[in-house]
Amino acid sequence: MTDEAETLSPISCVPTEILFNVFFFLPVKELIKCRGVCIRWKIIVDKLIGNENFWLNTCQREFNDYYRTAKKKAHPDLSWYYLYRSLSLWPKLAEATEEVDEFASAYRISDEVRSVEVLGNRILGVHRKRAIEYFYGDTFKEVPRGSISGDYARYTENDSVIVIQSYQLHLFIIRKVLNNPSDEQNATFDNVKMYLLTNTELYYVKLNDEIYVCNVYNCEKITHKFMKRAEDLDGVMSLGYKDGCLNVLTYQRNIYTIVNNKDMVFKQSVTNERNILNILYNYNFLENLDWRVYFQWMYVLHHKLPQGPMREIIVVRYYGDLFFVGTTYGVLSIFYRPFVNGEIDFFNSQPLREINFMIRSDIPVLATCPILQIDVIETEKGHTVFVAMPKKVAVLKYTHNFVNPACFMNQPSLYSEMELRQNVNDTSD
């Protein structure tokens, strides 16, 4: 046995192919540590981080709930590496530089803003009193696709459909993508008091509390199917969708889950023994909740009511571990993992950022400045948050100042997996 063989570590004999596959699934922090072990590992890591498939896999592993949604909403040229970097920097939002801008200002009653939706490729849908208009999310210029005229109560849109609810409780469905020209493009359902649009289905509830599921994807005709009627006499308060099932919350504080779109299973009642907020979060009700009723429940169940802005919540939007909480009086609070003893609790958590949009010049015009909707676009250097209020859409641009590790300085340099493995093998011969 030679002296060289005696000094070799067993790990140095591991084939490059195996090291590549091991490193591919390591967290980024551990990968940086591995890079400092030896020249061979440094070469493998440096090549690996130039592979977009690695960053896609890392986004999927660390941000599984929302990484695809974040990528779809971002600029089409944003790489998986920059998306990962942006998503991983949210916990450091307090250190980011904040710039405030606005657009879609309302100078007339007919221009009043009601919501904002970030659609694919950084396009924004702005719901006004008189119409639904479309803007580019980076320049705020109108998109030349035309607006949808009319005064509507609610609007939602995704890649496949536009869903609009009128004040007369008509639900209009407009399909954007058709399999062939003979497909039905529009449909209308009457006496609809609420709806919930998921990535695959549309659920809606009629005035008599009958619950329907609507198929609007990959079919010639827009069909709907009766599911169940809520058993509680005072009806459905909110809908939530989680793990492939529709959850139903009633005014009697009972929670049901509809399994396989047919079987309505009682889950639990909201009582004074537990954290109400955490129960509703577990069933994904918070984004579609009537918060006035929620605070009435807290009072009836003898829970301590919060003080300050948190007592005037009107909207909650969550985005992975981030929670955007908007109030009637224009205060937006951004929380990261607001959990106390393992349960969600806005009221006893410290926000990363808190912005007050209720400036003095607004007071003579509006008694309140309610925050109606929040949405996000990831950027190469940070995040852009859109906040819809009656008088405008506020734009919060957050930029992070940081220094990349040396191995990330030239990101992204794209390699195919075949090229990557070939290059690593060549350097190890």
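The rules behind each value
- Residues numbered from 1 in each chain as written.
- Predicted model: local features only at pLDDT ≥ 70, side-chain atom pairs only at ≥ 80, totals over all residues.
- Heavy atoms only, no water.
- Core = buried A, V, L, I, M, F, W, Y, C linked by side-chain atoms within 4.5 Å.
- Buried < 20%, exposed > 50% of the residue type's maximum accessible area, 1.4 Å probe, protein only.
- Helix = DSSP H or I, 4+ residues; strand = E, 2+ residues; numbered from the N terminus.
- Contact = heavy atoms within 4.5 Å.
- Axes fitted to C-alpha atoms, helices over the stretch in contact; angles between N-to-C directions.
- Parallel < 35°, antiparallel > 145°, perpendicular 65-115°, else oblique.
- Left-handed = near helix turned anticlockwise from the far one by under 90°.
- Nonpolar A, V, L, I, M, F, W, Y, C, P; charged D, E, K, R; others polar.

An unreviewed UniProt entry lists the protein chain under the name F-box domain-containing protein, with Arctia plantaginis as the source organism.

Caption draft 1: The nonpolar core, seen in detail. Membership of the largest hydrophobic core comes to 49 residues, with the highest contact counts inside it found for F324, L332 and F357. The element best represented in this core is helix α7 (residues 80-88), accounting for six residues. Each residue touching L332, except ones within four places of it in the same chain, is listed here: F324, V325, G326, R353, E354, I355, F357, I371, I374, V387 and L396. Among the nonpolar cores identified, the runner-up in size contains 30 residues, and Y283, W291, F295 and I344 belong to it.

Caption draft 2: The packing of helix α2 (residues 16-24) against helix α4 (residues 39-48), seen in detail. Contact geometry of α2 with α4 gives a least axis separation of 10 Å together with a crossing angle of 55 degrees. As summarised for this structure, α2 and α4 are arranged oblique, according to the angle between their axes. Note on packing geometry: the crossing formed by α2 with α4 is right-handed. Where α2 approaches α4, its residues T16, L19, F20, F23 and F24 are matched on the opposing element by R40, W41, I44, V45 and L48. Along the lines of polarity and charge, the residues of the contact of α2 with α4 split into eight nonpolar, one polar and one charged.

Caption draft 3: Focus on the environment of F347. Within the secondary structure, F347 is located in the loop between β22 (343-344) and β23 (353-356). For F347, the contacting residues outside a window of four places in its chain are L277, Y294, F295, M298, P306, M310 and I313.

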